Amino acid sequence: MRARHRLGALLFCVALGGVLGAGAAQAAPANRLALSHDPYLLEHAHDPVDWYPWGPQALEKARRENKPIYLSIGYSACYWCHVAQRELYRDPRIAALMNRWFVNVLVDREQRPDIDHIYMLARQIMTRDSGWPNNVFLTPDLQPFYIGSYFPPKTTAQQTGFPILLATLHKNWTEHPAEVKRIAAQIAQAMQAAAVAGEASAPIDAAGWTQTAQAEALQRFDALDGGFAPATTAARFPQPPLLAWLLTRGAAGHPKDTQAAVFTLQAMSQGGLMDQLGGGFRRYAVDPGWSVPHFEMMLADNAQLLSVYARAYAQTRLPDLRWTAQRTADFLLRELRLPQGVFATSIAAETGGVEGATDLWTKAQIGAVLGKAQTASWFALYDLTPLHAGAQEGVLRQRRDVAERLLREGQLAARLQQLAPSRRALLAARNRRPQPRRDDKIVIADNALAIRALAQAGMALDDRELIAAAVRAADWTWQHAWNPRQRLLVHQWVGRHPGHPGFLDDYAELARAYLTLASVQPDARWSQRAGDLAAAMLTRFAAPDGSLRSAPTSDALPFPTPLQGDVHRPSGQSAALAVLVDLAQRTGQAHGAEAARRALRPMALQVSARPLDWPDLLQTLDSAAGRAVWPSSPAARLARPADCAGLPQGACSSDRVSVQWLGGATGGQGETLQLRIAPGFHINAHPASAPNLIATTVLAGGRALAGVRYPPPQSFRPAFAPQGIAVWEGQPRLELPTLTPAQRDTLALRVQACNATTCLAPSVLPISTSPPQPSPRVGRE
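Since this is a predicted model, take the numbers as computed values, not measurements.

Caption draft 1: Broad picture of the sheet that holds strand S23 (residues 697-700). Spatially, four strands are ordered S24-S23-S28-S30 in an open sheet, and the strand pairing comes out antiparallel. Every other strand in the sheet has two partners, leaving strand S24 (703-704) and strand S30 (763-766) as the edge strands with one partner each. Of the pairings in the sheet, the one linking S23 to strand S28 (residues 747-751) comprises four bridges and is antiparallel in character. Paired with Val 698 across the strands is Leu 749, a residue of S28.

Here's what the structure looks like:
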């Protein structure tokens, strides 16, 4: 994903003089990456950059020579990663600067998700955005001091050119090292604080978390275009775990949840997000209407969406959902399945350096393939959306007005099937074009998602071939990725080469896939394998407090791997809890349930802060097996919001913020709240500066109260966010509309207090609407 980077206050422009020198030969000999087996690293094996893979050789060189590290994290299907390669890393003049001043390290995020997660947290702290490539400048002891995404080769109105940036950072490092290290230490402190927040505990309140997440999901739901993005965000991501959880909630008697999920699924399948010719889904859309995609296609995304569409069809019996599920399964088996029966990781976004080139059409090109009559029939349902204004070519999508009318009439699936001959002809014509690269590495967690999805879809669609495909992939993975003697699972497999030891999600997702097969086939091997993986998982990843680490501890990394949540895929922790709960129910053994309880306790604080980020976990907690492990506790729900029971004094936002109802506002219209924030602390304004920040929000009945007049924000500029964060300090007042008795009885304030380095546990403060007392209490010190 391309993201505009921001220049830090430390940077200043310097003249390059003759540093760049004259151009050099186009070709470059192989660098150290040629010894790798990873496809993404091999794509850079002939860059003139003196690349190192992540490892002791590069890190020791940086310390020995006292050079900063330029760490570039990307992956094979990433469009902007390859733009950077063409424009920067293959330019011998720019490579000479990189080689002279920095130790250059390239990481495939799919090979090393632990490194990716650590430095993506740094990116979010420093710039409030995310995406790839993630390019990080590190001190020799691996602390980040500057970060960005795509850097242009020449200075533009928005960005400094990469050569000038390199020269500036080199000058700062050599002439002002203490200042650079001071900034790096501040960022490292913020990263450590984010990790330490997970060490505190909070009550496990599955019912309360579910209620909060459900209210926020329905509030975020876009009833016009589908999806659940904040109103300020144009891009739309599928978010399969959220859709799956909403369907589960719908099946439990919440029809609005089913409606939101199904509407979103239908909107996605009508848009350019779905490949209208070959089936399958691209990674995300850049517009709210799902029309213009980012063209890379990922195994993990399509596996999860196959599962969700199959589940949605099983619940609703809507034929268009069945059609989409079948087309997604066809895509997986046709385009991503390898000869061994397992699945490649992704298909790139570009062909010949042009994003989406293989997938773009003009009406004339379609007419040349179909002929006049079939073309007219085709465009009665389909349309072309240009990628940008004035473009001649466009991406295929269904015409929304026509598709929605056919849906109301129950005829969309039949109409799609009628156009199958035209679709096959266009797909055959597209297949004769140059094709994007496929990354053939076998990632175990991603393949486990595919195994599970194929088994579930096989049952929902009554398609035994899908179940057979799942079984074949499951057997290959067990035979090749699992070492029974060492009880060790590898993370990936490339050609004949096993890769890095497996991460938590590799163990958990593969065990989960085997348990799904155990529900589909009466074969004892699946439950046995799941049990073996779960036991090994606890041995390798369980910490003394019961928490589950995301990564093995064999590699010395400067920061713990942060928790990820379930926004785009299930986290390793959520998948592991699902496995432990399932095995506890199947076997009746208490140790699995106790392991699940011990694993959830250290996560509870982060889950309670943002329950909507954990839909896969919520699905487990709300299952019959989950309720047996974590029985509902009304007392915990009452204790949790105001005082953060179980946390040490000073660790909760309610320790630093108080709120008081002042009655009717000036002029007799509405009512007023008075907030008091302890000195040295602030709270996020409403709306918050970024989607990952918790906005201060007035609640009634657990939902955001409409009509609140929030005060203008102040700007807080810590060292790690020089662009500023919208906050309130001191004693802001909030003007409310006139409340009903029911609203007054349930009035509350969701808030999170932070200082310059640390954020406290969020709180939901109940608000008493009895007459105010003199000398109200201020946030406790």
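Caption draft 2: Region of interest: the packing of aromatic side chains. Scanning the model with the defined rule gives 24 aromatic pairs in all. What links up through ring pairs into an aromatic cluster is the set Trp 51, Tyr 70, Tyr 89, Phe 102, Phe 137, Phe 145, Tyr 146, Phe 151, Phe 162 and Trp 173. Here the basic side chain of Arg 109 rests over the ring of Trp 132, its NZ or CZ set 4.0 Å away from the ring centre.

Caption draft 3: How the structure looks around the pattern of salt bridges. Evaluated as defined, the whole model comprises 38 salt bridges. We note a salt bridge from Arg 405 to Glu 409, for which the minimum N-O separation is 3.6 Å. With Arg 405 and Glu 409 both in helix H15 (residues 400-409) and four residues apart, the pair spans about one turn of that helix. What emerges from the salt-bridge pattern is a single network uniting Glu 43, Arg 86, Glu 350 and Arg 437.

Caption draft 4: View of the state of the cysteines. Summed over the entire model, instances satisfying the criterion amount to one disulfide. Between the sulfur atoms of Cys 78 and its disulfide mate Cys 81 the distance is 2.3 Å. Across the S-S bond linking Cys 78 and Cys 81, the dihedral sits near 85°, which makes this disulfide right-handed. Comparing Cys 78 with Cys 81, the two get one shared label, buried.

Caption draft 5: Structural detail: the sheet that holds strand S21 (residues 671-677). The three strands are arranged S20-S21-S27 in an open sheet whose pairing can be described as antiparallel. Of all strands in the sheet, those bounded by a partner on one side alone are strand S20 (657-664) and strand S27 (733-736). The sheet shows a mean angle of 20° between the axes of neighbouring strands, direction not considered. Inspection of the sheet shows S20 paired to S21 by seven bridges, in the antiparallel sense. The partner of Ser 658 across the bridge, within S21, is Arg 676.

Caption draft 6: Focus on the environment of Trp 661. Within the secondary structure layout, Trp 661 lies in strand S20. Put simply, Trp 661 and Thr 769 are 108 residues apart on the chain and 5.7 Å apart in space, counted from C-alpha to C-alpha.

Caption draft 7: Here's a closer look at helix H19 (residues 464-481). Taking 1.5 Å as the rise per residue, H19 with 18 residues should run 26 Å; its terminal C-alpha atoms sit 25 Å apart, in good agreement. Listed in full, the buried residues belonging to H19 are Leu 466, Ile 467, Ala 469, Ala 470, Val 471, Ala 473, Ala 474, Asp 475, Trp 476, Thr 477, Trp 478 and Ala 481. Capping of H19 at its N-terminal end is provided by Asp 463; its side-chain oxygen lies 3.0 Å from the backbone amide nitrogen of Glu 465.

Caption draft 8: Region of the structure containing the packing of helix H10 (residues 255-270) against helix H11 (residues 299-316). Their axes nearest at 11 Å, the elements H10 and H11 cross at an angle of 125°. Viewed along their axes, H10 and H11 adopt a mutual orientation that is oblique. You can see that H10 and H11 cross each other, and the crossing is left-handed. Contacts between H10 and H11 involve Thr 258, Val 262, Leu 265, Met 268 and Ser 269 from the former and Leu 305, Val 308, Tyr 309, Ala 312, Gln 315 and Thr 316 from the latter.

Caption draft 9: Highlighting the packing of helix H18 (residues 444-461) against helix H20 (residues 504-520). Between H18 and H20, the least distance of the axes is 8 Å, while the angle of their chain directions is 20°. In terms of orientation, H18 and H20 fall into the roughly parallel class. In the crossing of H18 with H20, the sense of the turn from one axis to the other is left-handed. Judged by residue contacts, Ile 444, Ala 445, Ala 448, Leu 449, Ile 451, Arg 452, Ala 455, Gln 456 and Met 459 of H18 engage Asp 505, Asp 506, Glu 509, Leu 510, Arg 512, Ala 513, Thr 516, Leu 517 and Val 520 from H20. Split by residue class, the contact of H18 with H20 holds 11 nonpolar, two polar and five charged.

Caption draft 10: Spotlight on H20. When the terminal C-alpha atoms of H20 are compared, their 25 Å separation across 17 residues agrees well with the 24 Å that a helix rising 1.5 Å per residue should span. For H20, the buried fraction is high: 16 of the 17 residues fall into the buried class.

Caption draft 11: Quick peek at the confidence of the model for the chain. Of the residues in the chain, 90% have a pLDDT of 70 or more, and the chain-wide mean is 88. Note on residues 1-26: pLDDT is under 50 here. Beyond four places in sequence and across chains, it has 68 contacts. Throughout residues 633-643 the model reports pLDDT below 50, and contacts reaching past four residues in sequence, or to other chains, amount to 21 contacts.

Here is what the cut-offs are and how they apply
Residues numbered from 1 in each chain as written. Predicted model: local features only at pLDDT ≥ 70, side-chain atom pairs only at ≥ 80, totals over all residues. Heavy atoms only, no water. Pairing = 2+ DSSP bridges. Helix = DSSP H or I, 4+ residues; strand = E, 2+ residues; numbered from the N terminus. Phe/Tyr/Trp six-rings, centres within 6.5 Å; stacked < 30°, edge-to-face > 60°. Lys NZ or Arg CZ within 6 Å of the ring centre and 35° of its normal. Salt bridge = Lys/Arg side-chain N within 4 Å of Asp/Glu carboxyl O. Disulfide = S-S within 2.5 Å. Buried < 20%, exposed > 50% of the residue type's maximum accessible area, 1.4 Å probe, protein only. Axes fitted to C-alpha atoms, helices over the stretch in contact; angles between N-to-C directions. Expected span 1.5 Å × (residues − 1). Polar contact = N/O pair within 3.5 Å; in protein donor to acceptor, adjacent residues only side chain to side chain. Parallel < 35°, antiparallel > 145°, perpendicular 65-115°, else oblique. Left-handed = near helix turned anticlockwise from the far one by under 90°. Contact = heavy atoms within 4.5 Å. Nonpolar A, V, L, I, M, F, W, Y, C, P; charged D, E, K, R; others polar. pLDDT = per-residue confidence, 0-100.

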